[in-house]
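An overview of the molecular structure
This is what each chain is made of:
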Amino acid sequence: MRKKIVAGNWKMNMNLAEGLKFAGEIDRYFRDKPKGNVEVILCTPYIHLSGIAEILRGGKIFLGAQNCAAEVSGAFTGEVSAGMIKSTGAEFVIIGHSERRTYYNEDDTLLNKKTILALGSGLKVVFCCGEVVGERESGKHLSVVKRQLEEGLFSLSEKEMEEIVIAYEPVWAIGTGLTATPWQAQEMHQYIRGLVSEKYGKGCADSLTILYGGSCKPSNAADIFSKPDVDGGLIGGASLKKEDFIAIVEAA
Ligand code: 13P
């Protein structure tokens, strides 16, 4: 059976003290619970990583970053490499979030480079894809996601593909309160699994975790997660509220 995951993407929220306190609360809540089959990941700003890694040590929650540099090391002022992220104790990195694609002009070629560097540093990658509203309205959503996966991921080997989680995040649903219907999510997730199956075989596709992201909240999570190809969620706004985030994990 493939792994279910609920990952919180804090984006650029919470100062250091707030983040450590919040992670401590989430950690304590899950530490006392029996281990279910849902993996919980907190994807925090860089500044929180090493402190939160200490807090999470020996517990059930995993840690991730939200981006990494496209270079290994050197004179790249302001950048943080995948190796540096790994050295904090984090195990995951989000690559290709639509906010990176849109605000920082990250294209498929760059995202492919980042993915390869992250895997080479021993990180697992949550690779994001998803269409903008015009692409959905003109019926291009499937072909857009196909291109993002082919150019961003499909140069990887089958072995590398095992370290990938795909997150489908329709851009029109991110932070807007509009959610894809469970059926829209299922259609895309099934399509993605089919593409992975064509490229890497059915075994690889069947064990691939595919997350939904975009205005996921306690009131809609159970419905979306009930679809057969939806293996959990990548949660933005609702991951900043303890009760909401816990309720979404429990829905999974
Ligand atoms: P929201 O849950 O705030 O819509 O954000 C989704 C997201 O971008 C997660 O990466």
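Below is a short write-up of the structure. Just so it is clear, the structure is predicted and the values come from calculations on it, not from any experiment.

Here we come to the pairing of strand 8 (residues 232–235). Along strand 8, one buried face is formed by G232 and L234 and the opposite face, lined by G233 and I235, is buried too. Note: strand 1 (residues 4–9) against strand 8, 4 bridges, orientation parallel. Looking across to strand 8, one finds that I5 is bridged to G232. Pairing analysis gives 2 bridges linking strand 7 (residues 210–213) to strand 8, with the strands arranged parallel. Within the sheet, the bridge partner assigned to Y212 lies in strand 8 and is G233. Crossover connection from strand 7 via helix 11 (residues 218–225) to parallel strand 8: handedness right-handed.

Near the ligand you find N9, K11, H97, E169, A173, I174, G175, G214, S215, L234, G236 and G237, and these make up its full shell. In the environment of the ligand, an oxygen atom lies 3.0 Å from a nitrogen or oxygen atom belonging to the side chain of N9. For the ligand, the protein covers 94% of the area, taking 310 Å² as the surface of the free molecule. Across the shell around the ligand, the residue classes break down as 3 nonpolar, 7 polar and 2 charged.

The next thing to look at is the packing of helix 1 (residues 16–31) against helix 2 (residues 49–56). Here helix 1 crosses helix 2 at 25°, and the two axes come no closer than 9 Å. The orientation of helix 1 relative to helix 2 falls into the category roughly parallel. Relative to helix 2, helix 1 is oriented so that their crossing is right-handed. On helix 2, the residues that touch G19, L20, A23, G24, D27 and R31 of helix 1 are G51, I52, I55 and L56. Among the residues forming the contact of helix 1 with helix 2, the class breakdown is 5 nonpolar, 3 polar and 2 charged.

The phi dihedral of K11 is positive, around 50°, even though this residue is not glycine. Counting through the fold element by element, K11 comes out in the loop between strand 1 and helix 1. Look at S215: it is not a glycine, yet its phi comes out positive at around 55°. Along the chain, S215 falls in the loop between strand 7 and helix 11. Taking relative accessible area as the criterion, S215 reaches 16% and is therefore assigned buried.

Using the criterion set out here, one finds 19 salt bridges in the structure. Ionic pairing is found between D108 and R147, a salt bridge with its closest N-O pair at 2.9 Å. Taken together, the positions of D108 in helix 5 (residues 108–120) and R147 in helix 7 (residues 141–152) put the pair 39 residues apart, joining distant regions of the chain. Relative accessible area serves as the criterion here: at 8%, D108 is assigned to the buried category. Judged by its relative accessible area of 36%, R147 falls in the partly exposed class. Among the ionic pairs, D206 bridges to K202, the shortest N-O distance being 2.6 Å. Linking D206 with K202, this pair stays in helix 10 (residues 202–207), spanning 4 residues, or about one helical turn. Overall, D206 belongs to the partly exposed group, its relative accessible area being 33%. Shared partners join several salt bridges into a network, and the residues in it are R2, R193, D229 and D231.

Here is what the cut-offs are and how they apply
Residues numbered from 1 in each chain as written. Predicted model: local features only at pLDDT ≥ 70, side-chain atom pairs only at ≥ 80, totals over all residues. Heavy atoms only, no water. Buried < 20%, exposed > 50% of the residue type's maximum accessible area, 1.4 Å probe, protein only. Helix = DSSP H or I, 4+ residues; strand = E, 2+ residues; numbered from the N terminus. Pairing = 2+ DSSP bridges. Right-handed = clockwise from strand over helix to strand, strands pointing away. Near = heavy atom within 4 Å. Polar contact = N/O pair within 3.5 Å; in protein donor to acceptor, adjacent residues only side chain to side chain. Areas by Shrake-Rupley, 256 points an atom, 1.4 Å probe, with all protein chains shown as cover. Nonpolar A, V, L, I, M, F, W, Y, C, P; charged D, E, K, R; others polar. Axes fitted to C-alpha atoms, helices over the stretch in contact; angles between N-to-C directions. Parallel < 35°, antiparallel > 145°, perpendicular 65-115°, else oblique. Left-handed = near helix turned anticlockwise from the far one by under 90°. Contact = heavy atoms within 4.5 Å. Salt bridge = Lys/Arg side-chain N within 4 Å of Asp/Glu carboxyl O.

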